[in-house]
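# Close look at the chain arrangement
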Amino acid sequence: MTKRKMFFRMITASLIRRRSRMLVALLAIAVGATILSGLVTIYYDVPRQMGAAFRNYGANMILLPDAGNGAFNSQTVDEALSLIAADQIVGVAPYRYETVAINEQPILVAGTDMAGAKAASPYWFINGTWPENENELLLGQEVAQILSAGEGDTLTMVYTLSEADEDNPVSQTSEQRFKVVGVLETGGSEEEYVYISMADLEKLTQPAGELDVVELSISASQSELEGYTQTISDRVDGALAKLVKRVTQSESTVLTKLQSLVLLVTIIVLALTMICVATTMTAVVTERRKEIGLRKALGASDASIIWEFMGEGLLLGGVGGLLGAGLGFAFAQAVSVNVFSSSIAFRPLLLPITVIVSILVTGLACILPVRSATEIDPALVLKGE
Amino acid sequence: MSLLELKNVSKIYGDLHALDNVSLKVDTGEWVAIMGPSGSGKSTMMNIIGCMDKPSKGEVLLDGVDISKESAKSLTRIRRDKIGLIFQQFHLVNYLTAVENVMVSQYYHSMPDEKEAMQALERVGLADRAKHLPSQLSGGEQQRVCIARALINYPELLLADEPTGNLDEANENIVLDIFSQLHKEGTTLVVVTHDPEVAEVAQRTITLGHGKIMKDMINENFGR
């Protein structure tokens, strides 16, 4: 049998046959590793989770026409969207505004993609339903009050195609009847508009016009968003991209604070784990003073004793780390499901990192008690004290 | 030829002379019992001979080397290479089996060899208990494992501190028979004891008192 085999035989025997004692140390390491791996998982997943939560507050980027630099239509939008990672696009709502007359009152109408508007502005509260069919409209709360109209009413929308002039004494208009299927409440300026589908608006205005603005809801960090705005403005003719700073800046501030908090907690937990493991290892070493004295009496060098105890500590650290990595993921998953209502993807890199950190922490925690163990006087053992 | 020689050795703690100018020679192959009441200096002498303590004055020659001048590191090496220790409390590693306990001594000395460790246990009549943990062995059996461990590296000096102190009569006889056998094979034995019966079976008995050698006599009945 080689010395190495005997070394492993001794340390595994110590761990296996002294289970009840070692279980306490293992538990301390595993709990520390669990919290560490869980918090690190949450730390890295917070931006994604919070980003998704922030998307409930509406668009964080808008596209505007770049006057005199090409057309601003659905093709321009498609070109801009092709520059953004598809999995980061939460919602795209193009808007074209026109003034129409309803009950002889001038009203602003917005043609949009209803599904896109719904995705980009999840905070919109609709009394009724979203328009799904032709000739259905969504009435802003303020407009509803002006027109004294509500869900189920039918309104006639008149659009002036050309004003009366010397050649044409009668102005040309087009009109369409719409059914009110819902009333929009947001508490903001959105309530001042009437919303119809882009197809309905184009039918009413006849020639297809250009878009006025496109609202984008993108799940990305502020730096990524800034990158996108730059790229789109530079590479897409006819479009200028801008960030909705009110949303992106507050998102970034909250994220930074939250990540700092999680980082701080992680560091504190790591320190507490070290203290806990060091205390446990000190107890383990103290309990085995007699055995250490005996080994020294049998001729063990200090280095040999340090290696044996460190070997046990490192093996414990490895096993504890492995357990902690698994349990930590379960912990992070539970936190994510309960707090953010979504699941977390397992990060394979975290497994070796947790194991290595656990081994290092246990190793560091063992150094002092093991070093003091080498100062034990073997004569004490011989005397039977 | 003397394996161990103490020349005017004193061990002084403050005003207390635990050993007071002791001179002693132990020849190779000799079986010596050291007797004396508590506080007579037995343990101090044992620690000095066992390379676990150094004298305040004098020289201790073990196999021609003055161990009183050696560093702690050298003393560890000398202890490992030349001395086999047997304790009153047995001191086995409680989570290792009997054979593993014997192998621990090989591990620090040279290379662990399970077959050889088994042979050592066989020699003390414990081959069938090799895979048992110390808690599964009787006191006598544990002491025999301790003897097997002390013998495994063929030490030049076997140093036993009250080896029968925790044993019943039957086990005491077994241990003394093993010592007798080892003596016949040429092993040098120094046994510290307070038990006159254990001292009687040795070749020579040294009696300590107040840190001095009070009596040094050859047992006339030895070997009978």
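Here's what I pulled together on the structure shown here. None of the values given here were measured: they were computed from a predicted structure. Per-chain numbering applies: the sequence of each chain, read as written, is numbered from 1 onward. Ligands are numbered from 1 and chains lettered from A, in the order in which they are written. Where local features are concerned, this predicted model is filtered to residues with pLDDT of at least 70; where side-chain atom pairs are given and counted, the filter is 80 or more; whole-chain, interface and lining totals use all residues. Based on all heavy atoms of the structure, the side-chain values leave hydrogens and waters out of the count.

### Points about the layout of surface pockets
Space left empty within the atom packing is revealed by a probe, the size of a water molecule, rolled over the atoms. The rule is simple: put a 1 Å grid over the protein atoms alone, call a set of points where a 1.4 Å probe fits but cannot get out a cavity, call an open set with protein on both sides within 12 Å along at least five of seven lines a pocket, and count a residue as lining if it has an atom within 4 Å of a point. Grid points are joined across faces, edges and corners, and a volume is the space filled by probe spheres set on the points. Each pocket or cavity is described by its volume, and for the largest pocket that value is around 450 Å³. Lining the largest pocket we find 20 residues, and of these Glu291 of chain A together with Leu92, Val93, Asn94 and Tyr95 of chain B sit closest to its centre. Each helix corresponds to a stretch of at least 4 residues labelled H or I by DSSP, and each strand to a stretch of at least 2 residues labelled E; elements are numbered beginning at the N terminus. Among the secondary structure elements, those contributing two or more residues to the lining of the largest pocket are helix 2 (19–54) and helix 9 (289–297) of chain A. If one sorts the elements of the lining of the largest pocket by residue count, helix 9 of chain A sits on top with three residues. Residues are grouped as follows: Ala, Val, Leu, Ile, Met, Phe, Trp, Tyr, Cys and Pro are nonpolar; Asp, Glu, Lys and Arg are charged; all remaining types, including Gly, are polar. Looking at the lining of the largest pocket, its residues break down into seven nonpolar, six polar and seven charged.

### Considerations on helix 7 (residues 222–235) of chain A
Residues and elements named next belong to chain A. Working rule for helices: expected span equals 1.5 Å times residues minus one. For helix 7, with 14 residues, the first-to-last C-alpha span of 20 Å sits near the 20 Å given by 1.5 Å per residue. We call a residue buried when its accessible area falls under 20% of the maximum for its residue type, exposed when it is over 50%, and partly exposed in between, using a 1.4 Å probe and counting protein chains only. Of all the residues in helix 7, the buried ones are Leu225, Tyr228, Thr229 and Ile232. Buried residues of helix 7, viewed axially, fall in a sector of 100°; they line one side. In this structure, helix 7 carries Ser223, Asp234 and Arg235 as exposed residues pointing more than 90 degrees from its buried face. For helix 7, the secondary structure elements touched by its buried residues are strand 1 (61–65), helix 3 (74–81), strand 9 (213–218), strand 10 (239–243) and helix 8 (245–287). By definition, the arc is the one covered by directions from the helix axis to the C-beta atoms. Residues are treated as being in contact if the distance between any of their heavy atoms lies within 4.5 Å.

### A short note on a nonpolar patch on the surface
Residues and elements named next belong to chain A. A grouping of Leu264, Ile268, Leu272 and Ile275 is seen on the molecular surface, where their side chains present a nonpolar patch of about 400 Å² in accessible area. Note that leucine 264 resides in helix 8. On the basis of relative accessible area, leucine 264 is assigned to the partly exposed category, the value being 49%. For patch building, the residue pool is restricted to those with more than 30% relative accessible area and no salt bridge; the joining distance is 9 Å between like charges and 5 Å between nonpolar side chains (Val, Leu, Ile, Met, Phe, Trp, Tyr). Areas reported here follow the Shrake-Rupley algorithm with a probe of radius 1.4 Å; residue values treat only the protein chains shown as occluding. One speaks of a salt bridge when a side-chain nitrogen belonging to Lys or Arg is within 4 Å of a carboxyl oxygen belonging to Asp or Glu.

### Section: the pairing of strand 8 (residues 193–197) of chain A
Along a regular strand, successive side chains alternate from one face of the sheet to the other. Residue and element names in this part refer to chain A. Along strand 8, four of the five residues are buried, which leaves the element largely enclosed by surrounding structure. Paired strands are those between which DSSP finds at least two bridges. Pairing between strand 3 (residues 105–112) and strand 8: five bridges, direction parallel. The residue of strand 8 that forms the bridge with threonine 112 is serine 197. Where strand 5 (residues 136–140) and strand 8 come together, two bridges link them in antiparallel fashion. Paired with leucine 139 across the two strands is valine 194, which belongs to strand 8.

### Re the sheet that holds strand 7 (residues 157–161) of chain B
Residues and elements named next belong to chain B. Spatial strand order, 6-7-8-3-9-10: six strands in an open sheet with mixed pairing. Each edge of the open sheet is held by one strand with a lone partner, namely strand 6 (83–86) and strand 10 (212–218). For this sheet, the mean angle separating the axes of adjacent strands, direction not counted, is 15°. As defined by bridge partners, strand 3 (residues 31–35) adjoins strand 9 (residues 204–209) across four bridges and the pair is classed as parallel. The residue bridging valine 32 from the neighbouring strand is arginine 204, located in strand 9. To get an axis, a line is fitted to the C-alpha atoms, and for a helix only the part in contact is used. The angle between two axes follows their N-to-C directions and goes from 0 to 180 degrees. Sitting on the sheet, helix 2 (residues 72–82) touches strand 6 and strand 7, and the angle it makes with strand 6 is about 80°. Relative to the sheet, helix 5 (residues 139–151) contacts strand 6 and strand 7, its axis offset from that of strand 6 by approximately 170°.

### Brief notes about the sheet that holds strand 4 (residues 57–62) of chain B
If you trace the four strands from one edge of the open sheet to the other, you get 2-1-4-5 (chain B), paired in antiparallel fashion. Each having just a single partner strand, strand 2 (16–27) and strand 5 (65–66) of chain B make up the two edges of the open sheet.

### Remarks on empty space enclosed by the protein
Across all of its chains, the model carries four cavities of 30 Å³ or more by this definition. By volume, the largest cavity amounts to about 110 Å³. What lines the largest cavity is a set of 14 residues, and nearest its centre among them are Arg80, Ile83, Gly84, Ser105 and Asn153 of chain B. At the level of elements, helix 2, strand 6 and helix 5 of chain B are the ones that each hand at least two residues to the lining of the largest cavity. Looking at the lining of the largest cavity, the element that brings in the most residues is helix 2 of chain B, giving four residues. A per-class count over the lining of the largest cavity returns six nonpolar, three polar and five charged. Roughly 70 Å³ of volume is contained in the second largest cavity. What lines the second largest cavity is simply Ile29, Gly32, Ala33, Leu36, Leu270, Thr273, Val357, Ser358, Val361 and Thr362 of chain A.

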